[in-house]
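# Structural description and commentary
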Amino acid sequence: MDLDAVRTFVIVADAGRFQDAAVELSITQQGVSKRIAALEKRLGARLFTRTARGAKLTIDGQAFLPHARELLRAEERAINSVRPGRRALRVDVIGRRLAPASLLRDFHRAHPGIELDVVTLFDADAAIDAVRSGTIDATFRAVTTPGGHLPDDIGVARVFDEPVQLLTGPAHELAGVRAVTPTGLVGHRIWMPGIVPGTEWAAYYEALATAFALTIEITGPDFGTEPLLDTIADSRSLATLVGERTRLVWPADQGLRRIAVKDPTPVYPHSLLWHRDNPHPTLAALRHHLFSGRLEHSDAAIWTPAWA
């Protein structure tokens, strides 16, 4: 359907005169008449009755008017969906329970008028390809290769170091301590079935295990977060590692414990990646928000992998 004709119809309906519509559209009155005639032919219905006072909507015209207005609103939404500065900023947070989603929520609370489109992409290479193609505007990732190995058109900045915590059940040997050192975890079974070989988080926890001689088991099927918590809650020997800002909810009777790991504190290095030529103004606002003090540490002794 010709949206210019639809727009002309709505303006004539509001103005009540073909001549007034012609002035508003900066076209001739004959041009307005041709557009309306073409629209009436397309619809197979007469939309206006000419009177001495101007143009009056027919019954069919009255029925079509609200739909015509919605067509024009849909056109505006479609245009805004791809117009930098008008469309929502599309950001990949990997998972909605993880720290990047929390960081993005903080940004939205600080800027409630900004529109965001939150997506979750599993694979880092796919996320970078999506940034380069414009499918998304930015992605949160742990960059496991030096920045120079990234495509030249990708900007990257480390924006948040997330402390890693130990999660145990109430019967675990370490359940009663307030903090534990990484070396204090030697000999304890740390179970993380959600680790997928080849991912950035697999690279992180492999480096952590190597650095402190930890036993991190990734065996067994991954049934999701809730079954993992059920197993940890009932176990005297199994524990797992989680990010400090990973959102976890469990029944009160499970009695799970979050225990700080310190001296040094292992931190997971979250970086923001974006296309250097992306003009979206909200992207600049997000970067400014994330760059404000996110790498300050209350615990001066931290550990990250060498690649971070």
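Residues numbered from 1 in each chain as written. Predicted model: local features only at pLDDT ≥ 70, side-chain atom pairs only at ≥ 80, totals over all residues. Heavy atoms only, no water.

### Here's the deal with the overall build of the chain
Broken down by element type, the chain carries nine helices and 13 strands. Compactness check: the chain gives a C-alpha radius of gyration of 29 Å against a globular reference of 19 Å for 308 residues, more than 25% above the reference. Overall, the chain is about 95 × 45 × 30 Å in size when its C-alpha atoms are taken along their principal axes. Relative to its 308 residues, the chain shows a buried fraction of 44%. Put simply, 74% of the contacts in the chain that link residues at least 6 apart link residues at least 24 apart. (Helix = DSSP H or I, 4+ residues; strand = E, 2+ residues; numbered from the N terminus. Rg over C-alpha atoms; globule rule 2.2 N^0.38 Å. Buried < 20%, exposed > 50% of the residue type's maximum accessible area, 1.4 Å probe, protein only. Contact = heavy atoms within 4.5 Å.)

### Digging into the pattern of salt bridges
Considering all chains together, one arrives at 13 salt bridges under this definition. Residue D161 is joined to R158 by a salt bridge in which the shortest nitrogen-to-oxygen separation is 2.8 Å. In this structure, E217 and R189 form a salt bridge, with 2.9 Å as the shortest nitrogen-oxygen distance. Of this pair, E217 sits in strand β9 (residues 215–217) while R189 sits in strand β8 (residues 189–191), placing them 28 residues apart in sequence. Look at E217 and you get buried, because its relative accessible area is 19%. Where salt bridges share partners, they join D4, R7 and E75 into one cluster. (Salt bridge = Lys/Arg side-chain N within 4 Å of Asp/Glu carboxyl O.)

### As for helix α2 (residues 18–25)
Of the positions making up α2, those classed as buried are F18, A21 and A22. An end-on view of α2 places all buried positions within 105 degrees of arc, on one side of the element. Seen from the open side of α2, the exposed residues pointing more than 90 degrees away from its buried face are V23 and E24. In this fold, the buried residues of α2 make contact with α1 (3–15), α3 (29–43), β1 (48–51) and β2 (54–57). Positive backbone phi, at 60 degrees, marks S26, one or two positions downstream of α2. (Arc of directions from axis to C-beta.)

### Quick word on the packing of aromatic side chains
Tallied over the full model, the rule gives eight aromatic pairs. Ring geometry for F212 and W303: centres 5.8 Å apart, planes at 70 degrees, overall edge-to-face. Pair noted here: F212 is in helix α7 (residues 200–212) and W303 is in strand β13 (residues 302–303), with a separation of 91 residues, a long-range link. Each member of the pair, F212 as well as W303, carries the same accessibility label: buried. Taken together through their ring pairs, the aromatic side chains of Y204, Y205, F212, Y268 and W303 make up a single cluster. (Phe/Tyr/Trp six-rings, centres within 6.5 Å; stacked < 30°, edge-to-face > 60°.)

### Details of the pairing of strand β10 (residues 238–243)
Within β10, six of the six residues are buried, leaving the element largely enclosed by the surrounding structure. Taking every second residue as pointing to the same face, both faces of β10 are buried, with L238, T240 and V242 on one and A239, L241 and G243 on the other. Of the strand pairs in this sheet, strand β6 (residues 154–168) and β10 are connected by four bridges, and their pairing is antiparallel. Within β10, the residue paired with L167 across the bridge is T240. Of the strand pairs in this sheet, β8 and β10 are connected by two bridges, and their pairing is parallel. Paired with I190 across the strands is A239, a residue of β10. (Pairing = 2+ DSSP bridges.)

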